[in-house]
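# Residue-level structure breakdown
Residues per chain, in single letters:
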Amino acid sequence: MKLYALSDLHLRHEHNRRALESLAPHPEDWLIVAGDVGERLEELDFAWRTLTARFRRVLWVPGNHELWTVSREPSALRGEARYQQLVAQCRAHGVLTPEDPYPRWPGEGPPRILAPLFLLYDYSFRPDDVSEEGAVQWAMDANVLCTDEALLHPDPYPSRAAWCAARVEHTRARLEALPSDCATVLINHFPLRYEHVRLPRIPRFSLWCGTKKTEDWHTRFRAEVVVTGHLHMPATLWRDGVRFEEVSLGYPQQWTWRGDISRCLREILPGPSP
């Protein structure tokens, strides 16, 4: 029995949809889907119908793309209401979300708890000499601006940073309540550490990549593995004896050179040794 992970499916792309359909069944295994499945409910519905038929259990955390409000209809949901709509859709398919009890890993090995997180970002992934107030302009000075600024609404919070702060506090309390004898697998769309945002072509995009409030969570909450996506740069990194897995698929041009989509699945547990 294995725990796999994949993120950034971006199912608005036909090539990615067909690739997902080609994924072989893993009837005994679990799958983490670490955000950016798509922008529309029909894309997520396609993902959950496809993946729940292939894996024993599927866990999801939201990326920024799921939280976009792409419809201009006055009734289109925004912010927290949009997130709760996504949670309800997942539950209808039996997919676990950050709002559900954290499951224990039923596979071999020591006790572990799988913790899907929804934390967002607060523009703190920036150099020390850049102020919070001037951060977005700093990025724009290098012709970098995330689409979130137009489509990811924080309602009812006054800002995305405020929504992030609320999510961090809520999640911290849940993690602190976990039994101390269990290791964790922390799962979030955005990186937990600033140093892991490696974007050589667009370094100032780091603003939309996480929060410094989680810099020590890998040790504070006894993580064996930290699973994230968002960067479209899959990698295995180590810090303080903790394995960090960036598990993005990405846009077709970013992954098809790797061959079949099965090559993009990342084994989280049991996983490799240091």
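Attention here is on the structure that accompanies the text. (Residues numbered from 1 in each chain as written. Predicted model: local features only at pLDDT ≥ 70, side-chain atom pairs only at ≥ 80, totals over all residues. Heavy atoms only, no water.)

### So, helix α6 (residues 160-176)
In a regular helix each residue adds 1.5 Å, so 17 residues correspond to 24 Å; α6 covers 24 Å between its end C-alpha atoms and thus fits that length. Where α6 is concerned, the buried positions are Arg 160, Ala 161, Trp 163, Cys 164, Arg 167, Val 168, Thr 171, Arg 172 and Leu 175. One side of α6 holds all its buried residues, which, seen down the axis, span an arc of 165°. Where the residues of α6 are buried, they touch α3 (79-92), β4 (112-116), α5 (148-151), β5 (183-187) and α7 (217-220). (Helix = DSSP H or I, 4+ residues; strand = E, 2+ residues; numbered from the N terminus. Expected span 1.5 Å × (residues − 1). Buried < 20%, exposed > 50% of the residue type's maximum accessible area, 1.4 Å probe, protein only. Arc of directions from axis to C-beta. Contact = heavy atoms within 4.5 Å.)

### Topic: the sheet that holds β5
Here five strands make up an open sheet; going across it, the order is β4-β5-β6-β8-β7 and the pairing mixed. Where the open sheet ends on each side, the last strands, each with one partner, are β4 and β7 (235-239). Going from strand to strand, the sheet's axes swing by 15° on average, the running direction of each strand aside. Where β5 lies against strand β6 (residues 223-228), four bridges are found, and the strand directions are parallel. The residue bridging Val 185 from the neighbouring strand is Val 225, located in β6. (Pairing = 2+ DSSP bridges. Axes fitted to C-alpha atoms, helices over the stretch in contact; angles between N-to-C directions.)

### Some words on the pattern of salt bridges
A complete count under the given rule lists 20 salt bridges for this structure. Across the pair Glu 21 and Arg 18 runs a salt bridge, and its minimum N-O distance is 2.6 Å. Of this pair, Glu 21 and Arg 18 are both found in helix α1 (residues 14-21), three residues apart, which corresponds to roughly one turn of the helix. Here Glu 21 falls in the partly exposed class, since its relative accessible area comes to 36%. Of the charged contacts, one joins Arg 78 and Asp 155 as a salt bridge, the two residues approaching to 3.1 Å between their closest N and O atoms. Of this pair, Arg 78 sits in the loop between β3 (55-60) and α3 while Asp 155 sits in the loop between α5 and α6, and the two are 77 residues apart along the sequence. Connected through salt bridges with shared partners, the residues Glu 14, Arg 17, Arg 18 and Glu 21 form a single ionic network. (Salt bridge = Lys/Arg side-chain N within 4 Å of Asp/Glu carboxyl O.)

### Some points on empty space enclosed by the protein
Inspection of every chain in the model, using the stated rule, returns one cavity of 30 Å³ or more. What the largest cavity holds in volume is close to 110 Å³. Taken together, 13 residues line the largest cavity, and the ones lying closest to its centre are His 196, Thr 228, Leu 237, Phe 244 and Glu 246. Contributions of two or more residues to the lining of the largest cavity are made by β6, β7 and β8 (242-246). With three residues, β8 is the largest single contributor of residues to the lining of the largest cavity. (1 Å grid on protein atoms, 1.4 Å probe; cavity = no way out; pocket = protein on both sides within 12 Å on 5 of 7 lines; lining within 4 Å. Points joined across faces, edges and corners; volume = space filled by probe spheres on them.)

These figures come from the coordinates and say nothing about function on their own.
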